[in-house]
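Topology and contacts: notes
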Amino acid sequence: MARKRKTDGRTPRRALWLRTLIAITACGAAAGGLAAYRTFSDDTATERPVTMEEASRLALSRLNLYQASPVAVTLTATEGGGVVVRVKGVVDYRTHRAVGSYQVTGASGASGPATGQLDHGLIVWDTGGLGLAPAPKGDNSPAWQQAEHIPRSGWSARSYTTDPLDAGLQLLIGLGADRPDNPLLLAQSGARRLERERINGRTYDRFAGPRAQGATPGAGPDGGRSPLTYWVDGDGGLRRVTMRMPGLGTPTTLEFSGRDGRAKLPEAPWTTG
């Protein structure tokens, strides 16, 4: 996809934070000598280091996403000022391409608190950036089918910025992997088990991801904890990921709904010539 770089005067510090965050998603942020880990009761709600069994499930989660492709996803990002962007689509982790629809909601005017739809359309994204296009009128088919009818020239493409939506899309496209992570490195890098939750009748363990390299445990407003949190079931299936953004109280949320075997990603946005 052709990229148009967007410059918005954002500080290098925030860009560096985003690059670091994407890097630690690969779950290999730190290495060290062999370590022993205690076994903890499954029903405890106390935050603690992960056991090796838990680290193994977390390590499998990215491979499971890859093998389930194409995966149905929903991304919700708060942009500030009451504006919320929601993307619903599918991601193919084998090709690192994704397609979906987006909807922007927020205050409809400065005179009152009423909210409404500010914008909507189709979106495609990959590891290099994203493209937007108007949704065909009167077409209620899935977004990937709608996108098939839009030529390459119909997409407005650009590179990623550090906005919450772009950071969420960039994180989302990089989550799947064709091999499991190293569970020992995950445990040594500061992954922590937070608590157990049920979502739609299924049980998930909630984990804080590995800390960024050089982060001091117990330091900072989050105790040195990773900005990424994962919901993983007993088989290593990933249900949800949240990402805390600097300066925003509401984290960006990624929801995974399982394989969508019908989905076929369009070629037009990525064709050349």
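In this report, the structure presented in the accompanying data block is examined. (Residues numbered from 1 in each chain as written. Predicted model: local features only at pLDDT ≥ 70, side-chain atom pairs only at ≥ 80, totals over all residues. Heavy atoms only, no water.)

Here we come to the overall build of the protein. Each helix and strand in the protein was counted, giving five helices and 12 strands. Across the 273 residues of the protein, 45% fall into the buried class. Of all intrachain contacts in the protein linking residues separated by at least 6 positions in sequence, the fraction that spans at least 24 positions is 61%. Carbon and sulfur atoms make up 50% of the accessible area of the protein, which amounts to about 13,400 Å² in all. (Helix = DSSP H or I, 4+ residues; strand = E, 2+ residues; numbered from the N terminus. Buried < 20%, exposed > 50% of the residue type's maximum accessible area, 1.4 Å probe, protein only. Contact = heavy atoms within 4.5 Å. Areas by Shrake-Rupley, 256 points an atom, 1.4 Å probe, with all protein chains shown as cover.)

Membership of the largest hydrophobic core comes to 40 residues, with the highest contact counts inside it found for Trp125, Leu172, Leu175 and Phe256. The contacts of Phe256, once residues within four sequence positions are left out, are Leu65, Val71, Ala72, Val73, Tyr93, Leu172, Leu175, Leu238, Arg239, Arg240 and Val241. The next biggest cluster of nonpolar side chains, apart from the first, holds 13 residues, and it includes Val90, Ala143, Trp144 and Ile150. (Core = buried A, V, L, I, M, F, W, Y, C linked by side-chain atoms within 4.5 Å.)

With that settled, the discussion passes to the packing of aromatic side chains. The final tally for this structure, using the stated rule, is zero aromatic pairs. Residue placement shows Arg94 over the ring face of Tyr66; its charged tip is 5.0 Å from the ring centre. It is Arg240 that lies over the ring of Trp231; its NZ or CZ is 5.1 Å from the centre. (Phe/Tyr/Trp six-rings, centres within 6.5 Å; stacked < 30°, edge-to-face > 60°. Lys NZ or Arg CZ within 6 Å of the ring centre and 35° of its normal.)

The next subject is the pairing of strand β9 (residues 202-208). Here β9 lies mainly inside the structure; five of its seven residues are buried. Pairing of strand β8 (residues 192-199) with β9, which is carried by seven bridges, proceeds in the antiparallel orientation. Counterpart to Ile199 in the pairing with β9 is Arg202. The hairpin formed by β8 and β9 contains two residues between the paired strands, and Asn200 there has a positive phi angle of roughly 50°. In terms of strand pairing, β9 meets strand β10 (residues 228-232) through four bridges, oriented antiparallel. (Pairing = 2+ DSSP bridges.)

Before going further, it helps to spend a moment on the environment of Val90. For Val90, the location among the structural elements is in strand β3 (residues 83-92). Residue Val90 is classed as buried on the basis of its relative accessible area, which comes to 4%. Sequence separation between Val90 and Ser69 is 21 residues, and the spatial gap between their C-alpha atoms is 8.4 Å. Discounting chain neighbours no more than four positions away, the residues touching Val90 are Val71, Ala72, Val73, Arg97, Ala98, Val99, Asp260, Ala263 and Leu265.

Evaluation of the coordinates by the stated rule reveals 18 salt bridges. With its nearest N and O atoms 2.7 Å apart, the salt bridge here joins Glu53 to Arg57. In this pair, Glu53 and Arg57 are both assigned in helix α2 (residues 52-68), four residues apart and thus about one turn of the helix distant. What makes Glu53 partly exposed here is its relative accessible area of 46%. Overall, Arg57 belongs to the buried group, its relative accessible area being 7%. Of the charged contacts in the structure, one is a salt bridge between Glu255 and Arg240, with a shortest N-O distance of 2.7 Å. Of this pair, Glu255 sits in strand β12 (residues 252-259) while Arg240 sits in strand β11 (residues 238-243), and the two are 15 residues apart along the sequence. (Salt bridge = Lys/Arg side-chain N within 4 Å of Asp/Glu carboxyl O.)

Now for unusual backbone geometry. The omega angle of the peptide bond from Ser69 to Pro70 is -5°, so this bond is cis rather than trans. Of note, Pro70 is situated in the loop between α2 and β2 (71-80). Here the phi dihedral of His96 falls at roughly 55°; this positive angle occurs in a residue that is not glycine. Position of His96 among the secondary structure elements: in the loop between β3 and β4 (97-107). Here Asn200, not a glycine, exhibits a phi torsion of approximately 50°, which is positive. Structurally, Asn200 can be placed in the loop between β8 and β9.

Right, let's get into α2. Its 17 residues give α2 an end-to-end C-alpha distance of 24 Å, which sits within 8% of 24 Å, the value for a rise of 1.5 Å per residue. A maximum bend of about 30° is found in α2 at Ser61. Considered for burial, the residues of α2 that qualify are Glu54, Ala55, Arg57, Leu58, Ala59, Ser61, Arg62, Leu63 and Leu65. (Expected span 1.5 Å × (residues − 1). Bend = angle between axes of the 7 residues up to and from the residue.)

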